[in-house]
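Reading the structure
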Protein chains: 2
Amino acid sequence: MRELVGRPGTWGGLWLRLGQAALAAASIAVMASANGFAGYTAFCYLIASMGLQALWSLGLACLDGYALKVKRDLNNAVLVSLFVVGDWVTAILSFAASCSAAGVTVLFERDISFCRRYYELPCGRFQLATAFAFLSWALSATSAVIMFWLLASF
Amino acid sequence: MRELVGRPGTWGGLWLRLGQAALAAASIAVMASANGFAGYTAFCYLIASMGLQALWSLGLACLDGYALKVKRDLNNAVLVSLFVVGDWVTAILSFAASCSAAGVTVLFERDISFCRRYYELPCGRFQLATAFAFLSWALSATSAVIMFWLLASF
């Protein structure tokens, strides 16, 4: 069980963290460049949640890099418990933010046709930011499952 | 590990399943009684997802009841793997549906003030149905975590 790909302190884990942070940052950048996003709670929440995701993933990426450099093993029960709690909290928040942003985007696009009525509304950017958020969540969920599995196998 | 509360084939498991099914059914009933819900994708998806949740939970409640009656042990790896997959799929779908419905409800209530402008919109029912969906998801997530833990401890 200890040979799981993507566990902390390995190259797989490092790339997973960097991917999460990069996608979360892309989501924030696209959403922040969309005019008028601040008027919608779901989009503000998406930025807040992706910010937390980016900070958490970047922090753990630094830890992974350090562990790789000094060849330290991060597989101990206390550290993994900490990662499990953090990963699950960020993954659940990211998923909630992605889903509520997706709900609002679909509403604008299809149900109340805001995108066709108000040309100044940057619907394309809302969609792109939501897509990046979902991708970031997918990597974050992968990490969360790996950590939970590691913890259960101690 | 095998003494986990809420594992399949116990009274705890049975009550957990019945709670999930009842809350999902309540969410469907409230949403279906709200006029005009069918015009919004997020609310239709909430009904579909809660329908799946209610069917799955009711099916497993019957299985738990049967196992209690004939005193059969359901803790084998094949059955638990099946429960893990089903529970995780339904829990993720329920959470996605709850979050997107919540996103749309908050948008109506606060951001674009549809609830104040269109008095015929049953915002109270939308909120109640969303709250029931979140409660159903909370129980479903509990089951999913218990099942995953059971599987990892085999």
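Residues numbered from 1 in each chain as written. Chains lettered and ligands numbered in written order. Predicted model: local features only at pLDDT ≥ 70, side-chain atom pairs only at ≥ 80, totals over all residues. Heavy atoms only, no water.

Going by the annotation in an unreviewed UniProt entry, the name recorded for chain A is CASP-like protein, with Triticum aestivum given as the source organism. In its Subcellular location (unreviewed entry) section, the UniProt record describing chain A reads: "Cell membrane". Its UniProt record, at the heading Sequence similarities (unreviewed entry), says of chain A: "Belongs to the Casparian strip membrane proteins (CASP) family." (UniProt positions renumbered as here; feature names shortened; annotations may be inferred.)

1. Description of empty space enclosed by the protein
Taken as a whole, this structure holds 2 cavities of 30 Å³ or more when the rule is applied. Roughly 40 Å³ of volume is contained in the largest cavity. Elements with a contribution of two residues or more to the lining of the largest cavity: helix H1 (11-32) and helix H2 (41-69) of chain A. Its residues placed into classes, the lining of the largest cavity shows 4 nonpolar, 2 polar and 3 charged. Lining the second largest cavity are Pro8, Arg17, Leu60, Leu63, Asp64, Phe83 and Met147 of chain B. The biggest single contributor to the lining of the second largest cavity is helix H2 (residues 41-69) of chain B, with 3 residues. Considered class by class, the residues forming the lining of the second largest cavity number 5 nonpolar, no polar and 2 charged. (1 Å grid on protein atoms, 1.4 Å probe; cavity = no way out; pocket = protein on both sides within 12 Å on 5 of 7 lines; lining within 4 Å. Points joined across faces, edges and corners; volume = space filled by probe spheres on them. Helix = DSSP H or I, 4+ residues; strand = E, 2+ residues; numbered from the N terminus. Nonpolar A, V, L, I, M, F, W, Y, C, P; charged D, E, K, R; others polar.)

2. Re the state of the cysteines
Summed over the entire model, instances satisfying the criterion amount to 2 disulfides over all chains. Here cysteine 115 of chain A connects covalently by a disulfide to cysteine 123 of chain A, the sulfurs 1.9 Å from one another. Taking the torsion about the sulfur-sulfur bond, which here is approximately -95 degrees, the covalent link between cysteine 115 of chain A and cysteine 123 of chain A counts as left-handed. Cysteine 123 of chain A matches cysteine 115 of chain A in its accessibility class, with the two residues each being buried. Just so you know, cysteine 99 of chain A is unpaired, no disulfide at all, and the nearest cysteine sulfur is the one on cysteine 99 of chain B, 5.3 Å from it. (Disulfide = S-S within 2.5 Å. Buried < 20%, exposed > 50% of the residue type's maximum accessible area, 1.4 Å probe, protein only.)

3. Description of the relation of the copies chain A and chain B
In screw terms, the move from chain A to chain B is a rotation of 180 degrees and a rise of 0.0 Å along the axis, fitting with an RMSD of 0.0 Å. On the angle and the small slide along the axis, the relation comes out as a two-fold axis. In terms of C-alpha distance to the rotation axis, chain A has serine 100 of chain A as its closest residue, with the C-alpha 2.0 Å off the axis. (Least-squares fit on C-alpha atoms with pLDDT ≥ 70 in both.)

4. Regarding the interface of chain A and chain B
Contacts between the two partners involve 24 residues from chain A and, on the opposite side, 24 residues from chain B. Overall, the association of chain A and chain B removes approximately 2,000 Å² of surface from exposure, summing both partners, and the carbon and sulfur fraction of that is 83%. Taken as a group, Thr41, Phe148 and Trp149 of chain A account for 24% of the area that chain A buries against chain B, more than any other trio of residues on that side. At the junction of chain A with chain B, the criterion picks out 0 salt bridges. The interface formed by chain A and chain B holds 2 residue pairs in polar contact (both at pLDDT 80 or more) in total. The element best represented in the side of chain A that touches chain B is helix H3 (residues 77-111) of chain A, accounting for 13 residues. Residues of the side of chain A that touches chain B, tallied by class, amount to 18 nonpolar, 4 polar and 2 charged. (Contact = heavy atoms within 4.5 Å. Buried area = accessible area lost by both parts, 1.4 Å probe. Salt bridge = Lys/Arg side-chain N within 4 Å of Asp/Glu carboxyl O. Polar contact = N/O pair within 3.5 Å; in protein donor to acceptor, adjacent residues only side chain to side chain.)

5. Remarks on a nonpolar patch on the surface
Residues and elements named next belong to chain A. Taken together, Tyr45, Leu52, Val85, Val89 and Leu93 make up a surface patch of nonpolar side chains, about 380 Å² in accessible area. Looking at which element gives the most residues to the nonpolar patch, the answer is H3, with 3 residues. On the accessibility criterion, leucine 52 (37% relative accessible area) is partly exposed. (Patch = residues over 30% accessible without salt bridge, like charges linked within 9 Å, V, L, I, M, F, W, Y side chains within 5 Å. Areas by Shrake-Rupley, 256 points an atom, 1.4 Å probe, with all protein chains shown as cover.)

6. Let's talk about the UniProt feature "domain: Casparian strip membrane protein" (unreviewed entry) in chain A
Here the UniProt feature "domain: Casparian strip membrane protein" (unreviewed entry) sits at residues 7-139 of chain A. Taken as a whole, residues 7-139 of chain A contains 80% helix and 0% strand, while its terminal C-alpha atoms sit 13 Å from one another.

7. Describing the packing of aromatic side chains
Applying the stated rule across the entire model yields 26 aromatic pairs over all chains. Ring centres of tryptophan 88 of chain B and phenylalanine 148 of chain B lie 5.9 Å apart, and the angle between their planes is 70 degrees; this geometry places the pair in the edge-to-face category. Note that tryptophan 88 of chain B is positioned in helix H3 (residues 77-111) and phenylalanine 148 of chain B in helix H5 (residues 123-152), a separation of 60 residues in sequence. One aromatic cluster is present, built from ring pairs that chain together Tyr40, Phe43, Phe108, Phe114, Tyr118 and Phe126 of chain A together with Tyr40, Phe43, Phe108, Phe114, Tyr118 and Phe126 of chain B. (Phe/Tyr/Trp six-rings, centres within 6.5 Å; stacked < 30°, edge-to-face > 60°.)

8. As for the side chain of glutamine 20 of chain B
Residue and element names in this part refer to chain B. Structurally, glutamine 20 is set in helix H1 (residues 11-32). The exposure class assigned to glutamine 20 is buried, which follows from its relative accessible area of 0%. Only 3.2 Å separates the side chain of glutamine 20 from the backbone oxygen of leucine 139, close enough to count as a polar contact. Discounting residues that sit within four places of it in the chain, glutamine 20 has contacts with Gln53, Ser57, Ser136, Leu139, Ser140 and Ser143.

9. Here we look at the UniProt feature "transmembrane region" (unreviewed entry) in chain A
All names here are of chain A. With numbering matched to this structure, UniProt assigns "transmembrane region" (unreviewed entry) to residues 12-31, 43-68, 88-108 and 128-152. Measuring from the first to the last C-alpha atom of residues 88-108 gives 30 Å, for a span that is 100% helix and 0% strand. Between the first and last C-alpha atoms of residues 128-152 the distance is 36 Å; the span itself is 100% helix and 0% strand.

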